Amino acid sequence: MLAMMLLILFASLTTAMAITSKGNIRTASTHLHVMRAHGAAETGLVIAEQRLRDAASRFVVARGNVDAAFAQDLWTGPLTAYDHEILDPPPGVADTAVGGVIDALAAMHDADLNITTDGVPGGLSFAEVGNPPTDVDLAVYDDEAGSWLRTPAVMLWEQEAGDPQAPAFQIIYAPLANGTDVRAIVTGYDFSYTPSGAPITRTVMKDFRMTKRVDQAVNSPTRIMVGKNVEITGNIGARYTDVGFEHGHPVVMKSDFDDIDATLSSRLSELRAGIIEGDVDGDNRLRPGHPTEGEEIPEWAGDPEDNPWRDATGDGFIDEFDVFINVFDTDPVDGRVDIDTEFVDGDGTVIDPDLAWLIDASTPDRNKNGVSGFVDLDGDGAWDEGVEPLSDYDGTTGTFPDQQLGYLDGFIDALDRYTKLNGKLVFKVASNDWTTNQPDAGEQIEGAIRPNFGEAPQQFSADETELPELDQSSFTGDQTALQAAADGGTFAQQVADNLDISVGQLATYVESTSAGTVDGVGNPIPRYERLDLDTDGDGLPDNWATAYYEKMPYASPNFVDWYYRPVYEGMTFRDVQIPMGTNALFRNCTFVGVTWVRTHLDNSHPHWTLYGRMRLDTVTQRPRYEVERALWGDDASEDLADLYDGLEDELDPPAPVLLATDQALDKGDIRESEQGAYDPLQYDRLPEPLVISGAHVIDTRAYSNNIRFHDCLFVGSLVSDPPAVFTHVRNKMQFTGKTQFTQEHPSEPDNTLLNPESGDLEEIAKSSLMAPNYSVDVGTFNSPPEQQVDLQGAVIAGVLDMRGNATIDGALLLTYAPKRGEGALVDFEGNAVGNPAWFNTSIGYFGPDDGDAEAIDPMTLPEVAGQRIIGYDTSTPPDGIVDVPYDETPPDGAVVVPFNGYGKIRIQFDPNMTLPDGIRLPVTFDSLSSSYQENKL
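Residues numbered from 1 in each chain as written. Predicted model: local features only at pLDDT ≥ 70, side-chain atom pairs only at ≥ 80, totals over all residues. Heavy atoms only, no water.

J.: It is not clear to me how the overall build of the chain should be interpreted in this structure. Could you clarify?
T.: Regarding its fold elements, the chain presents 13 helices and 46 strands. Taken against the 2.2 N^0.38 rule, which gives 30 Å for 937 residues, the C-alpha radius of gyration of the chain at 33 Å falls within 12% of a compact globule. Taking all 937 residues of the chain together, the buried fraction comes to 52%. Summarising the internal contacts of the chain: among those between residues at least 6 apart in sequence, 66% fall at separations of at least 24. In the form shown here, the chain has an accessible surface area of approximately 39800 Å², with 51% of it arising from carbon and sulfur atoms. (Helix = DSSP H or I, 4+ residues; strand = E, 2+ residues; numbered from the N terminus. Rg over C-alpha atoms; globule rule 2.2 N^0.38 Å. Buried < 20%, exposed > 50% of the residue type's maximum accessible area, 1.4 Å probe, protein only. Contact = heavy atoms within 4.5 Å. Areas by Shrake-Rupley, 256 points an atom, 1.4 Å probe, with all protein chains shown as cover.)

Next comes the structure, spelled out in structure tokens:
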């Protein structure tokens, strides 16, 4: 009996175990098939995301804001109401007619292989544009006819004869009701298990938002040079590719910590040697635990507390910031540098207060609550402790959360998380091309690079979708919305209103008020210093004896021209258009709304920059334009080479030496009766004269605009006409002194006369400065400490140099692509001349050895009486501008001009900014990660 009971028990247990095991096997098998279907769906979702972006990138549009109405038109078409271009499809995709992104997307899916219809409900062989399902939730989805796209099912691998059917995915693209978003609904199929006669399926979906933007904080076709005391948050996009020329490095970055302390410089040299030898990923940092990088960290045999190679910030890397902290963290050694007691010289003076500020104020919103910074009451960009309140204040605890996390706390430490470049470098050029042509390529990029998670610090061979081209053709010739907003009274009328006179009185107005005069409450009294025309033909304005003039570029030790300027001081302008040929100095003026700088668009004549060029007259000691002829002295070749602004010491091929006593610029300079004095071949080599509106033009200043704004306030935006050709002297804007850009008047926010019209604010927010193909200087070559220029949104110029104290919150987009044989790099016969690498975007201070021919490298400056000087001022009274360079002997009575320091520059990329209208860029899709779900439609 007992044996039988045991036998029954064991048999039951065996049966139960067998049943359980079989169930587990079935469950595991089913789970495996489910995972295969889910994996196929996830694969399809990745492909859907890439296809959306590839299809959208074919649509290059001028409109900046992709709102619901525009997005819906982009999706289905047609786009006849918009300025746009549809690019050719990628290789392998049929070049069929497309009306909108949905058509381009369908064409891409029609090129897919491994299509299957077996076991797929309503299996398709081609992508199908159709209507939404009748039962779809219209509160979620768009109900427009012909707005949904269904694709064929695509197997994950090629089907071999006799093999089980491979898993597949099928995509539905469904526009959402908000107009800007498209949902990718992807179903994954596993055909190897059909328990109910149908394959196992799983569905995933994610939303994507149609937008238009750039992905770089700086995007430039010229060389990009990032100097000392410069911090950039965002990617740097370098489209420069002419690496075979001298100084042909697409990017040059200088350390923030050089030229501070001898011990620190020595330690940095050791670290850089290790980085050049062992940095495997190009981030200019060394990882202690890495088998290659760790071996290149210099050894330290001294006191461990003095070890300069400690990871002071605890981020797992050794970089320049760590070495800086370790060298200056002395008393006590606590992992941070007290700015007032440790970052000082022997006299107790802070060594570089601008750098200290830049680091201590890095990443203002440290608790990520959307509130940051401080109330800059005096507008100098610096925080006055105890006077100017911090913005992030906790009223409950009475504390400043950002400051508790290290913001402006007086210490330099790990909390500041300072990095030279918080982003990555994106190059159009191939890595091999750069390193082959420039053997020292790796030495040109100093300072740590911290890319976003999962990204490489340096990316080469970027295509147009990753690094979009932005040049003159990217801009529309029609008025942009910003230009249209400049609808105030005429410039002359507004000047007259400021002076309380009539427009007719301007022609003879004589200013009697001294410069800088203020009224009883401290407001500047409007002033106007008139500039007369040259009516007697002597090459000087008729009032040359009293007219204001200055070098160009302003304060440059290596200037290339002179400008007489009318001066407007203490005036307020509203939605004004500055006429072509004004070439003014605006001093302490306020510009409300949109200011439109006008210029002649067709400036393609090879001598555009040459016509009207001035030289210092030895008799009057004033700049003088030698009318029509005798412009170049005895050696035309040498002077023509000088024209091209030091692009090369000599032209290649050399310019012809003309065979007349007076040198002519074009055929129009030679009377018909004098043509016999010229060799016919030489005469034929002269270009045709410049004729505008039937007039022979010999001075293009009247058809351009070179303007300097000093100590000005822009409550709004500044926009220009887009000249066809970059002419770096004639079309130029310079911002000096304490020039500010804001969208609300800092002291009178409720004064409607001092604030933009409400209807213009949306466009103003998109760009502080929109000046395509203009040369723009922010700051000067020796910027005073009080300079502070702040720009917002998409800042657009042809070429831009930024020095001193300045910020950009948005992006810096440059348009001028220097090409040998085009524009400024061609002589009057069409011969290619010069070096495109001499044109560059300089952010910070550089010198000629780095390729900035107009500047001086501060590290080469001598010290006089313990102070670094930039030159000597011989003006009476002194104006602070260098007249005699530092390496020449000054005359008696000359005043030393000190170097004012490197200043501080910060560029903060804003990924959410809306671009202004008029910039032709491709459309793209942003992934909305939080929208991901696993569900049925």
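J.: Please clarify how the environment of Q472 should be interpreted in this entry.
T.: With respect to the helices, strands and loops of the structure, Q472 is situated in the loop between strand 19 (458–459) and helix 9 (481–485). When the C-alpha positions of Q472 and P772 are compared, they lie 6.8 Å apart, and in sequence the two are 300 residues distant. Filtering out sequence-adjacent residues up to four positions away, Q472 remains in contact with P722, P723, A724, P772, N773 and T815.

J.: Quick question: what am I supposed to make of the sheet that holds strand 45 (residues 921–922) here?
T.: One key point about sheets: their strands pair by backbone hydrogen bonds, in either a parallel or an antiparallel sense. Overall, antiparallel pairing links the 3 strands, which are arranged 2-1-45 in an open sheet. In this open sheet, the two edge strands, each paired with only one partner strand, are strand 2 (84–86) and strand 45. The pairing of strand 1 (residues 59–61) with strand 45 spans 2 bridges and is antiparallel. The residue of strand 45 that forms the bridge with V60 is P922. (Pairing = 2+ DSSP bridges.)

J.: Whenever I open this one, the packing of helix 2 (residues 68–76) against helix 3 (residues 101–110) confuses me. Can you help?
T.: Two quantities define a packed helix pair, namely the angle between the axes and the distance from one axis to the other. For the pair helix 2 and helix 3, the least separation of the axes is 4 Å and the interaxial angle reads 35°. Residues L74, W75 and T76 of helix 2 lie in contact with helix 3, whose contacting residues are V101, I102, D103 and L105. Of the residues that constitute the contact of helix 2 with helix 3, the class distribution is 5 nonpolar, 1 polar and 1 charged. (Axes fitted to C-alpha atoms, helices over the stretch in contact; angles between N-to-C directions. Nonpolar A, V, L, I, M, F, W, Y, C, P; charged D, E, K, R; others polar.)

J.: Please explain the pattern of salt bridges as it appears in this structure.
T.: Side chains that differ in charge, positive against negative, can pair when their charged atoms come close. Considering all chains together, one arrives at 40 salt bridges under this definition. One salt bridge connects R36 with D190, and the closest N-O pair in it is separated by 2.7 Å. Residue R36 is located in helix 1 (residues 2–56), and its partner D190 is located in strand 8 (residues 181–190); the two are separated by 154 residues in the primary sequence. Assessed through its relative accessible area of 30%, R36 is described here as partly exposed. Relative accessible area serves as the criterion here: at 0%, D190 is assigned to the buried category. (Salt bridge = Lys/Arg side-chain N within 4 Å of Asp/Glu carboxyl O.)

J.: In this structure, what is going on with helix 2? I would like to understand it.
T.: Among the residues of helix 2, those classed as buried are F70, A71, L74, W75 and T76. Phi turns positive one or two residues past the end of helix 2, at G77, with a value near 75°.

J.: Before we go on, may I ask you to explain the environment of F586 in this structure?
T.: Structurally, the position occupied by F586 is in strand 26 (residues 585–587). The exposure class of F586 is buried, given its relative accessible area of 0%. The sequence separation of F586 and A555 amounts to 31 residues, and the corresponding C-alpha distance is 16 Å. The contact partners of F586, leaving out residues within four places of it in the chain, are F491, Y568, F573, I578, F591, I707, R708, F709, H710 and C712.

J.: In this structure, what is going on with helix 6 (residues 353–360)? I would like to understand it.
T.: The α-helix winds at 3.6 residues per turn, so residues separated by three or four positions along the chain end up facing the same way. By the criterion of burial, helix 6 is predominantly enclosed, with 7 of the 8 residues buried. Within helix 6 the residues assigned to the buried category are D354, L355, A356, W357, L358, I359 and D360. Among the structural elements, strand 12 (230–233), helix 5 (320–328), strand 16 (411–412), strand 38 (804–814) and strand 44 (903–909) are those in contact with the buried residues of helix 6.

J.: Hey, could you run me through the confidence of the model for the chain in this one?
T.: Detail in the predicted coordinates should be disregarded across regions flagged by low pLDDT. Mean pLDDT over the chain: 87, with 91% of residues reaching 70 or higher. Per-residue pLDDT stays below 50 along residues 19–23; that stretch engages in 0 contacts with residues further than four places along the chain or on separate chains. Segment residues 628–662: pLDDT under 50, and 82 contacts once partners within four positions in sequence are set aside and those in other chains are kept. (pLDDT = per-residue confidence, 0-100.)

J.: Honestly, the pairing of strand 37 (residues 789–802) in this entry has me stumped. Any pointers?
T.: Sheet faces and side chains relate simply in a regular strand, where the side chains alternate between the two faces. In terms of residue burial, strand 37 counts as a mostly covered element, since 14 of its 14 residues are buried. Sheet topology note: the strand 36 (residues 769–778)/strand 37 ladder contains 6 bridges and is parallel. Residue pairing for strand 37: A771 is matched across the bridge by A797. Sheet topology note: the strand 37/strand 38 ladder contains 9 bridges and is parallel. Within strand 38, the position partnered with I796 by the bridge is L813.

J.: I would appreciate a short explanation of unusual backbone geometry in the present structure.
T.: Among all residues save glycine, negative phi is the norm, and among peptide bonds the norm is trans. Note that the residue after D331, namely P332, is joined by a cis bond; omega there is -5°. Relative to the helices and strands, P332 resides in the loop between helix 5 and strand 15 (337–338). The step from M552 to P553 runs through a cis peptide bond, and the omega angle for that step is -5°. The topology assignment puts P553 in the loop between strand 21 (548–552) and strand 22 (561–565). A positive phi is found at A865, a non-glycine position, where the angle reads about 55°.

J.: In this structure, what is going on with the packing of aromatic side chains? I would like to understand it.
T.: Each pair of aromatic rings is reported with the distance of its centres and the angle of its planes. Across all of its chains, the model carries 40 aromatic pairs by this definition. Ring geometry for Y845 and F899: centres 5.7 Å apart, planes at 80°, overall edge-to-face. Within this pair, whereas Y845 is found in the loop between strand 39 (840–843) and strand 40 (863–864), its partner F899 is found in the loop between strand 43 (895–898) and strand 44, the two being separated by 54 residues in sequence. Residue class for F899 comes out buried when judged on its relative accessible area of 13%. Grouped by ring-pair contacts, the aromatic residues F491, Y509, Y528, Y568, F573, F586, F591, F709, F714, F735 and F741 constitute a single cluster. The ring of Y563 carries R701 above its face, with NZ or CZ at 4.2 Å from the centroid. (Phe/Tyr/Trp six-rings, centres within 6.5 Å; stacked < 30°, edge-to-face > 60°. Lys NZ or Arg CZ within 6 Å of the ring centre and 35° of its normal.)

J.: I tried to follow the state of the cysteines on my own but got confused; where do I start?
T.: Working definition of a disulfide: a covalent bond connecting the sulfur atoms of two cysteines. In this structure the tally under the stated criterion is 0 disulfides. Free of any disulfide, C589 has its nearest cysteine sulfur in C712, 5.0 Å distant. Judged by its relative accessible area of 1%, C589 falls in the buried class. (Disulfide = S-S within 2.5 Å.)

J.: Hey, could you run me through the nonpolar core in this one?
T.: The tendency in soluble globular proteins is for nonpolar side chains to be buried side by side. Core analysis: the largest hydrophobic core is formed by 82 residues, its most contacted members being I232, F586, F591, F709 and F735. By residue number, the principal contributor to this core is strand 37, which donates 8 residues. The residues touching F709, leaving out its near neighbours within four places in the chain, are I578, F586, F591, F714, L718, Q734, F735, T736 and T739. L74, A104, V154 and V182 belong to the second largest nonpolar core, which has 38 residues in total. (Core = buried A, V, L, I, M, F, W, Y, C linked by side-chain atoms within 4.5 Å.)

J.: Quick question: what am I supposed to make of the packing of helix 4 (residues 262–278) against helix 5 here?
T.: At a closest axis distance of 10 Å, the pairing of helix 4 and helix 5 adopts a crossing angle of 150°. Taken as a pair, helix 4 and helix 5 cross one another with a handedness that is right-handed. Judged by residue contacts, T263, L264, R267, L268, L271 and R272 of helix 4 engage E320, V323, F324, V327 and F328 from helix 5. Classifying every residue of the contact of helix 4 with helix 5 by side-chain character gives 7 nonpolar, 1 polar and 3 charged. (Left-handed = near helix turned anticlockwise from the far one by under 90°.)

J.: Looking at this structure, how should I read the pairing of strand 34 (residues 731–736)?
T.: With 6 of 6 residues buried, strand 34 is to be regarded as a mostly interior element. What you see with strand 34 is no split at all: N731, M733 and F735 on one side and K732, Q734 and T736 on the other are buried throughout. Summarising the sheet, strand 34 and strand 36 pair through 4 bridges and their orientation is parallel. Bridging across to strand 36, K732 finds its partner in S775.

J.: Any chance you could explain a nonpolar patch on the surface here in plain terms?
T.: Together, V375, L377 and V387 make up a nonpolar patch on the protein surface, roughly 280 Å² of accessible area in all. For V387, the location among the structural elements is in the loop between helix 6 and helix 7 (401–404). A relative accessible area of 56% places V387 in the exposed class. (Patch = residues over 30% accessible without salt bridge, like charges linked within 9 Å, V, L, I, M, F, W, Y side chains within 5 Å.)

J.: What is the right way to look at the environment of D849 in this model?
T.: With respect to the helices and strands, D849 occurs in the loop between strand 39 and strand 40. For D849, a relative accessible area of 65% gives the class exposed. Taking the C-alpha atoms as reference points, D849 and S474, 375 residues apart in sequence, are found 33 Å from one another.

J.: What should I look at first to understand the side chain of K424 in this one?
T.: Note that K424 resides in the loop between strand 17 (421–422) and strand 18 (425–427). E455 is the oppositely charged side chain nearest to the buried, salt-bridge-free K424, at an N-O distance of 4.1 Å. At a separation of 2.9 Å, a polar atom in the side chain of K424 contacts the side chain of Q459. For K424, the contacting residues outside a window of four places in its chain are G234, N235, I236, I449, P451, E455, A456, P457 and Q459. (Lys, Arg positive; Asp, Glu negative; His and termini not counted. Polar contact = N/O pair within 3.5 Å; in protein donor to acceptor, adjacent residues only side chain to side chain.)

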